[in-house]
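In case you want the letters, here they are:
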Amino acid sequence: MVHVWPLTLRDGELSLRPLRRRDRPEFERLRERNRDWLRPWDATDPERAARQLPFTALRRWNDQQARHGWYLPLTIIARGRLAGQITAGPIQYGALRSTVLGYWIDRERAGAGLAPRATALMIDHLFAELGLHRIEVTVRPENTASLRVVEKLHLRPEGLRRSAIHVDGAWRDHLVFALTAEEVATGADGRGVLARLHREFPSDTPTG
């Protein structure tokens, strides 16, 4: 188990890396442009009005949590442009060795295969490099795009959690999907979920 921060994960023109100070203008434009697109899926605080954490505070929180090994928050970069975010956390070690994944993608780039690739890249890192045993993803039943992501990656459906997470101003039901390390045939290069995704959906991976 080796936790490294900062780190960058790559798959061709796609990379996952920490949010940088110079990302601020592009990141803030991206979030503003996607505000309505993301509102139905963004977690909210039942005791406070919904608001976006200021960029500087977000970077500080990300760095602090990642350096302690509690969370792994990365931006999704495609062809040099910010395209979204993916976060693993909280990361639990010891007898559990598990985490929960959350992700979002720019509406203009949805459907291009970026979310499944980013998620597969992250899962492979969590299994092969961090030695985790179980990855979980929770999805609102209405979120058809995210359901397609877990389907492509063969995450196993485990049922429905009633009123599980406060989202968009109310307690919402979430479907639970999971994958364990034993369910993945990981190669010597540490690629298992990503390698399978490339085999099954080659058209989602640009060649140039």
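Within each chain, residue numbers correspond to sequence positions counted from 1 in written order. Per-residue local features are limited, in this predicted model, to residues with pLDDT of at least 70; the limit for side-chain atom pairs, both in listing and counting, is 80 or more; totals at the level of whole chains, interfaces and linings are taken over all residues. In computing side-chain values, all of the structure's heavy atoms are included and hydrogens and water are not.

Some thoughts on the sheet that holds strand β8 (residues 170-180)
Here is step 1: Reading across from one edge, β1-β2-β3-β4-β5-β6-β8-β7 is the order of the 8 strands in this open sheet, with mixed pairing throughout. Looking at the sheet topology across the chains shown, the edges are occupied by β1 (9-11) and β7 (156-167). Each adjacent strand pair in this sheet contributes to an overall mean axis angle of 25 degrees, direction not counted.
Here is step 2: Note that strand β4 (residues 81-88) and strand β5 (residues 98-105) share 5 bridges and pair antiparallel. In the strand pairing of β5, I86 is matched with Y103.
Here is step 3: On top of the sheet, helix α1 (residues 24-33) reaches β4 and β5; it is set at about 80 degrees to β4, its chief contact. Two strands are said to pair when DSSP picks up at least two bridges between them. Under the scheme used here, helices are H or I runs from DSSP no shorter than 4 residues and strands are E runs no shorter than 2 residues, and both carry numbers assigned from the N terminus. Only the contacting stretch of a helix is used when fitting its axis, a line to C-alpha atoms as for every element, and angles between N-to-C directions run 0 to 180 degrees. Contacts: residue pairs with any heavy atoms within 4.5 Å of one another.

A closer look at the packing of aromatic side chains
Here is step 1: Aromatic rings from Phe, Tyr and Trp, taking only the six-membered ring of Trp, are treated as a pair when their centres fall within 6.5 Å; an angle between ring planes under 30 degrees marks them as stacked, one over 60 as edge-to-face, and anything in between as tilted. Per the stated rule, a full pass over the model turns up 2 aromatic pairs.
Here is step 2: Ring plane angle 55 degrees and centroid distance 5.7 Å describe the contact between F27 and F55, whose orientation is recorded as tilted. Note that F27 is positioned in helix α1 and F55 in helix α3 (residues 55-67), a separation of 28 residues in sequence. Taken individually, F27 and F55 each receive the classification buried, so the pair is uniform in this respect.
Here is step 3: Remark: a charge is flagged as sitting over a ring if the NZ atom of Lys or the CZ atom of Arg is within 6 Å of the ring centre and within 35 degrees of the ring normal. Stacked on the ring of W104, the Lys or Arg R31 has its end atom at 4.9 Å from the ring centre.
Here is step 4: Seen from the ring of F201, K152 lies directly overhead, with NZ or CZ sitting 4.8 Å from the centre. In this scheme, a residue with accessible area under 20% of its type's maximum is buried, one over 50% is exposed, and one in between is partly exposed, where area comes from a 1.4 Å probe on protein chains only.

As for unusual backbone geometry
Here is step 1: With an omega of 0 degrees, the peptide bond running from W5 to P6 counts as cis.
Here is step 2: Relative to the elements of secondary structure, P6 occurs in the segment before β1.
Here is step 3: Cis geometry marks the peptide bond from G89 to P90; its omega dihedral reads -5 degrees.
Here is step 4: Residue position: P90 is located in the loop between β4 and β5.

Looking at the pattern of salt bridges
Here is step 1: Any Lys or Arg side-chain nitrogen found within 4 Å of a carboxyl oxygen on Asp or Glu counts as a salt bridge. Evaluated as defined, the whole model comprises 20 salt bridges.
Here is step 2: The closest approach of N and O atoms between R117 and E13, which form a salt bridge, is 2.9 Å. Note that R117 is positioned in helix α4 (residues 114-128) and E13 in the loop between β1 and β2 (14-17), a separation of 104 residues in sequence.
Here is step 3: Note that R156 is salt-bridged to E158, the shortest N-O span being 2.5 Å.
Here is step 4: Overall, the relative accessible area of 38% leaves E158 in the partly exposed class.
Here is step 5: One salt-bridge network, in which partners are shared between bridges, spans R134, E136, R156, E158, R161 and E183.

So, the side chain of Q85
Here is step 1: With respect to the helices and strands, Q85 occurs in strand β4.
Here is step 2: By the criterion applied in these results, polar contacts are pairs of N or O atoms within 3.5 Å in which, for protein atoms, one can donate a hydrogen and the other can accept it, and in which residues neighboring in sequence qualify only through two side-chain atoms. At 2.8 Å, the side chain of Q85 forms a polar contact with the side chain of W104.
Here is step 3: The contacts of Q85, once residues within four sequence positions are left out, are F27, L58, L74, T75, I76, G102, Y103 and W104.

Observations regarding α3
Here is step 1: The span expected for a helix works out to 1.5 Å for each residue beyond the first. The terminal C-alpha atoms of α3, which comprises 13 residues, lie 18 Å apart, in line with the 18 Å expected from a rise of 1.5 Å per residue.
Here is step 2: Residues of α3 that are buried include every one of F55, L58, N62, Q65 and A66, and no others. The buried residues of α3 occupy an angular sector of 105 degrees when projected down its axis, which confines them to one face. Projecting away from the buried face of α3 at angles above 90 degrees are the exposed residues R60 and R67.
Here is step 3: On the buried face of α3, the contacting elements are α1, β3 (72-78) and β4.
Here is step 4: G69 sits one or two residues past α3 and shows a positive phi near 80 degrees. The reported arc concerns the directions from the helix axis to the C-beta atoms and nothing else.

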